[in-house]
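# Notes for the structure review
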Amino acid sequence: MVSTSTTETRGSDFARLAQRISDAGLLDRRPVYYAVRFSLGALAYLGGWAVFAWMGDSWLQLLVAAAMAVVFTQLAFVAHDLGHRQVFRTRRPSDIAGLLIGNLGVGLGWGWWTHKHNRHHANPNHEDHDPDVSPAVIVWSEDQVARSQGLPRFIAKYQAYWFFPLLTLEAWHLHVASVKALLNPSAKRRGPELALLLTHFVLYFGLIFTVLSWDKALVFLLVHQGLFGIYLGVSFAPNHKGMPVLTKEDKLDFLRKQVLTSRNVRGNPFTDVALGQLNYQIEHHLFPNMPAPNLRRAQPIVQRYCAEIDVDYLQTGLVESYGQALRHLHKVGAALR
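How each quantity is defined
- Numbering of residues starts from 1 in each chain and follows the order in which that chain's sequence is written.
- Since the coordinates come from a predicted model, pLDDT governs what is reported: local features require at least 70, and pairs of side-chain atoms require 80 or more to be given and counted, while whole-chain, interface and lining totals use all residues.
- The side-chain figures draw on all heavy atoms in the structure; neither hydrogens nor water molecules are used.
- Numbering of helices and strands starts at the N terminus; helices are DSSP runs of H or I of at least 4 residues and strands are runs of E of at least 2.
- Our radius of gyration is a C-alpha quantity, and the globule rule it is checked against amounts to 2.2 Å times the number of residues to the power 0.38.
- Here a residue-residue contact requires only that any non-hydrogen atoms of the pair lie within 4.5 Å.
- Note that accessible areas follow from Shrake-Rupley with a 1.4 Å probe, and for residues the cover is restricted to the protein chains shown.
- The charged-residue count follows a simple rule in which Lys and Arg add positive charge and Asp and Glu add negative charge, with His and chain termini not counted at all.
- Working definition for charges: the position is that of NZ of Lys, CZ of Arg, CG of Asp or CD of Glu.
- By convention a nonpolar core is built from buried Ala, Val, Leu, Ile, Met, Phe, Trp, Tyr and Cys residues, the set being connected through side-chain atoms within 4.5 Å.
- Residue exposure (1.4 Å probe, protein chains only): buried if accessible area is under 20% of the type maximum, exposed if over 50%, otherwise partly exposed.
- Throughout, an axis means a line fitted to C-alpha atoms (over the contacting stretch in the case of helices), and angles, computed between N-to-C directions, take values from 0 to 180 degrees.
- By definition, turning the near helix anticlockwise from the far helix through less than a right angle yields a left-handed crossing, and turning it clockwise yields a right-handed one.
- Polar here means any residue other than Ala, Val, Leu, Ile, Met, Phe, Trp, Tyr, Cys and Pro, which are nonpolar, and Asp, Glu, Lys and Arg, which are charged; Gly is therefore polar.
- Stacked, tilted and edge-to-face are the three classes applied to pairs of Phe, Tyr and Trp rings, where Trp contributes its six-membered ring and a pair requires centres within 6.5 Å; stacked means planes under 30 degrees apart, edge-to-face means over 60, and tilted covers the rest.
- In our convention, an over-ring charge means Lys NZ or Arg CZ found within 6 Å of a ring centre and within 35 degrees of that ring's normal.

From N to C terminus, the protein includes 16 helices and two strands. The C-alpha atoms of the protein give a radius of gyration of 21 Å, which matches the 20 Å a tight globule of 337 residues would have. For the protein, contacts bridging at least 24 residues in sequence account for 70% of all contacts bridging at least 6. In the form shown here, the protein has an accessible surface area of approximately 15,800 Å², with 65% of it arising from carbon and sulfur atoms. When the 33 positive and 25 negative side-chain charges of the protein are each reduced to one mean point, those points stand 4 Å apart.

Structure (structure tokens):
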């Protein structure tokens, strides 16, 4: 729960911070950065599949599976930035690039995921409105535990131990959810998105089962998609898991809603690249259209400002962020133990 002193509405607090960020030029586009990032991603993607075809029917392909899990996740980070209009100012080029990278490149429904992710940004960690804390398998609050049934209730008892193993299924879940969303007749851009997804799966499975024997192909799929899911999960888990879960009783202004439910991971060149700059989660939630490379420069400005207005600002190391998240999950399930 959030203390009463933090639930007062102070919209002007964010306006003053936004002015500082704007004056620093941190909302300006970074076309050269993204041109380089797109080029490197495309080279890694095409190069990885070229190496796969060249190596042939070998168990060494499992190394390619691991490498391509990294490439797929890095491309997913780019698609994330496109969804927030960090790259292009207008919708059309963002949509085209997002569909090519998301649907065709990695097999995730970019339109569906972007809509879902924007709902998360609007109400982070709100158990009634944030789809990322819906109790589908993992439960995120004691109230959700009390209402849980079936699989979520079974998992919740020791969900801290289940968390990382379940991430091996995350990529498969996203693939299936993408297809299910696009089978809905009301889905936006249903035809083009389904066509691109179908093309991805035909080329992906066709190439794997053409080059590899069936046993190696199955293991390749398990390794590639399992590591893809783990990498996605460990990149997003430090951001909000273990932070306050809000309910309809919590009345927060925009700045406090974003800051108090988010956690930063201290930046360095490795974590910045590995986590797609999403380790600056507080800054990203306050300014979702800020280009990713500017988040590092915005971080000290936001941290100082939060200190000025007496708003808690949490930043921790990468390992400790997982510890906080897992301790929270274990505590939530205590009633069932």
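In this structure, W49, F52, I208, F220 and F228 are the most contacted members of the largest nonpolar core, which totals 35 residues. Residue contributions to this core peak at eleven residues, all from helix α3 (residues 61-83). Those residues within four positions of F220 in sequence are excluded, and the remaining contacts are W49, F52, Q61, L62, V64, A65, I208 and L212. Of all hydrophobic cores here, the second largest spans 20 residues; its members include L260, L286, L295 and V311.

Turning next to the packing of helix α9 (residues 170-183) against helix α10 (residues 190-211). Between α9 and α10, the shortest axis-to-axis distance is 10 Å and the interhelical angle comes to 145°. Considering how the two elements wind past one another, α9 and α10 form a crossing that is left-handed. Touching H175, S178, V179, L182 and L183 of α9 are R190, E193, L194, L197 and F201, all from α10. Across the contact of α9 with α10, the residue classes tally to six nonpolar, two polar and two charged.

Once that is clear, we can look at the packing of aromatic side chains. Counted by the stated rule, this structure contains 21 aromatic pairs. For the ring pair F164 and Y322, a centre distance of 5.9 Å and an interplane angle of 80° mean the geometry is edge-to-face. Taken together, the positions of F164 in helix α8 (residues 159-167) and Y322 in helix α16 (residues 318-332) put the pair 158 residues apart, joining distant regions of the chain. By way of ring pairs, the aromatic residues Y45, W49, F52, F72, F201, Y204, F205, F220 and F228 are connected into one cluster. A cation sits over an aromatic face here: K241 above W140, 4.3 Å from the ring centre.

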